[in-house]
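Okay, here's what each chain looks like letter by letter:
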Amino acid sequence: GAVVSQHPSRVICKSGTSVKIECRSLDFQATTMFWYRQFPKKSLMLMATSNEGSKATYEQGVEKDKFLINHASLTLSTLTVTSAHPEDSSFYICSAQVGVPKPQETQYFGPGTRLLVL
Amino acid sequence: DAKTTQPNSMESNEEEPVHLPCNHSTISGTDYIHWYRQLPSQGPEYVIHGLTSNVNNRMASLAIAEDRKSSTLILHRATLRDAAVYYCILVWGGSEKLVFGKGMKLTVNP
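Anyway, here's the lowdown on the structure attached to this text. On a predicted model such as this, the values are computed, not experimentally measured, just so you know.

Some details on the environment of B:Thr4
Residues and elements named next belong to chain B. By secondary structure assignment, the location of Thr4 is in the segment before strand E1 (9-13). As a C-alpha pair, Thr4 and Thr79 span 75 residues in sequence and 25 Å in three-dimensional space. What Thr4 contacts, discounting residues up to four positions off in sequence, is Cys22, Asn23, His24, Cys88, Ile89 and Leu90. Among the polar contacts listed, one links the side chain of Thr4 to the backbone oxygen of Cys88, at a separation of 2.9 Å.

Details of the sheet that holds strand E2 (residues 18-23) of chain B
Reading across from one edge, E2-E7-E6-E5 (chain B) is the order of the 4 strands in this open sheet, with antiparallel pairing throughout. Each edge of the sheet is formed by a strand with only one pairing partner; in this case those strands are E2 and strand E5 (55-56) of chain B.

As for the interface of chain A and chain B
Tallying the contact residues gives 23 residues for chain A and 21 residues for chain B. Buried surface at the junction of chain A and chain B, summed over both partners, amounts to about 1600 Å²; 56% is from carbon and sulfur atoms. The largest contributions to the chain A side of the interface with chain B come from A:Pro103, A:Gln104 and A:Phe109, which together make up 32% of the buried area. As a salt-bridge pair, B:Lys97 and A:Glu59 come within 2.7 Å of each other at their nearest N and O atoms. Our count for the contact surface shared by chain A and chain B stands at 4 residue pairs in polar contact (both at pLDDT 80 or more). Mapped by element, the contributors of at least two residues to the side of chain A that touches chain B are strand E4 (32-38), strand E5 (44-51) and strand E9 (90-96) of chain A. With 4 residues, E4(A) is the single largest residue contributor to the side of chain A that touches chain B. A breakdown of the residues in the side of chain A that touches chain B according to their chemical character gives 10 nonpolar, 9 polar and 4 charged.

What about the nonpolar core?
Within the largest apolar cluster, 24 residues are counted, with the highest numbers of intra-cluster contacts made by A:Trp35, A:Phe67, A:Leu79, A:Tyr92 and A:Leu115. Sorting the residues of this core by element identifies strand E2 (10-13), strand E3 (19-25), E4, E5, strand E7 (67-73), strand E8 (76-81), E9 and strand E11 (113-117) of chain A as the ones contributing at least two each. Setting aside anything within four residues of it in sequence, one finds A:Leu115 in contact with A:Val11, A:Cys13, A:Val19, A:Val81, A:Asp88, A:Ser89, A:Ser90 and A:Tyr92. Grouped together as the second largest cluster of nonpolar side chains are 22 residues, B:Leu20, B:Ile27, B:Ala84 and B:Met104 included.

Thoughts on the pairing of strand E9 (residues 104-109) of chain B
Residues and elements named next belong to chain B. Residues of E9 alternate between two faces, with Met104, Leu106 and Val108 buried on one and Lys105, Thr107 and Asn109 left unburied on the opposite face. Relative to E9, E1 runs parallel, the two sharing 5 bridges. By the bridge assignment, Asn13 is partnered in E9 with Asn109. As defined by bridge partners, strand E8 (residues 84-91) adjoins E9 across 3 bridges and the pair is classed as antiparallel. Counterpart to Ala84 in the pairing with E9 is Leu106.

Concerning the side chain of A:Gln107
Here A:Gln107 is to be found in the loop between E9 and strand E10 (108-109). Accessibility expressed as a relative area gives 1% for A:Gln107, which makes it buried. A polar contact of 2.6 Å, which involves the side chain of A:Gln107, links it to the side chain of A:Ser95. Residues within four places of A:Gln107 in sequence aside, it is in contact with A:Phe34, A:Tyr36, A:Ser95, A:Ala96, A:Gln97, B:Tyr36, B:Tyr46, B:Glu96, B:Lys97 and B:Leu98.

Analysis parameters
Residues numbered from 1 in each chain as written. Chains lettered and ligands numbered in written order. Predicted model: local features only at pLDDT ≥ 70, side-chain atom pairs only at ≥ 80, totals over all residues. Heavy atoms only, no water. Helix = DSSP H or I, 4+ residues; strand = E, 2+ residues; numbered from the N terminus. Contact = heavy atoms within 4.5 Å. Polar contact = N/O pair within 3.5 Å; in protein donor to acceptor, adjacent residues only side chain to side chain. Pairing = 2+ DSSP bridges. Buried area = accessible area lost by both parts, 1.4 Å probe. Salt bridge = Lys/Arg side-chain N within 4 Å of Asp/Glu carboxyl O. Nonpolar A, V, L, I, M, F, W, Y, C, P; charged D, E, K, R; others polar. Core = buried A, V, L, I, M, F, W, Y, C linked by side-chain atoms within 4.5 Å. Buried < 20%, exposed > 50% of the residue type's maximum accessible area, 1.4 Å probe, protein only.

Structure (structure tokens):
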């Protein structure tokens with residue numbers, strides 16, 4: 001099956017620094033990738049839809065200047081948490097669909113990146 | 001987004017079948033029914049999806065009510081590895097977004 005990887009799997013940073021998380025589709029091309037955030041014992045919350053070669057679409061309430069998304073190629077999307085604060089500590093997960101996204105298609109999820117901001 | 005309702009949790013025994021229910025009374029004609037599951041500290045994993053007809057794959061079966069207002073995910077022989085949070089999600093025909101609800105925690109007893 002299709003594989004999505006994330007790097008790093010875990011990161012600890014100091015408050016005020018920026019952190020970049022990579023999401024890669026290893027064996028398929030994805031025009032669209034999705035970024036989610038999950039707090040402990042909570043469900044996944046969709047943050048933004050990342051489109052290759054164009055600007056990301058952010059969900060309501062998600063600060064686009066704080067969570068910078070770049071989808072530079074058909075296999076790589078990056079999420080940068082700028083000026084991270086302790087409240088940004090969370091589990092960040094990306095997903096992708098094979099080819100052009102469709103509602104009947106499977107989304108393949110990465111293993112997640114656990115961010116801890118001290 | 002059309003909502004789904006699932007029990008908060010269920011328990012099953014290893015090697016027995018498990019039926020996980022999902023109600024979606026406000027489903028529209030173009031909504032696909034997707035099931036994903038998430039093991040602790042991992043990203044979600046696709047299980048199965050369908051539109052109107054029942055579906056089978058190597059992981060599970062999906063039984064969809066005739067009026068489409070409910071569906072049931074069937075694990076034919078539960079294993080310890082099936083212990084996870086299961087999400088029943090409606091995906092609107094005009095979108096590819098997954099909107100996760102609270103899900104249902106499945107515990108499998110040895």
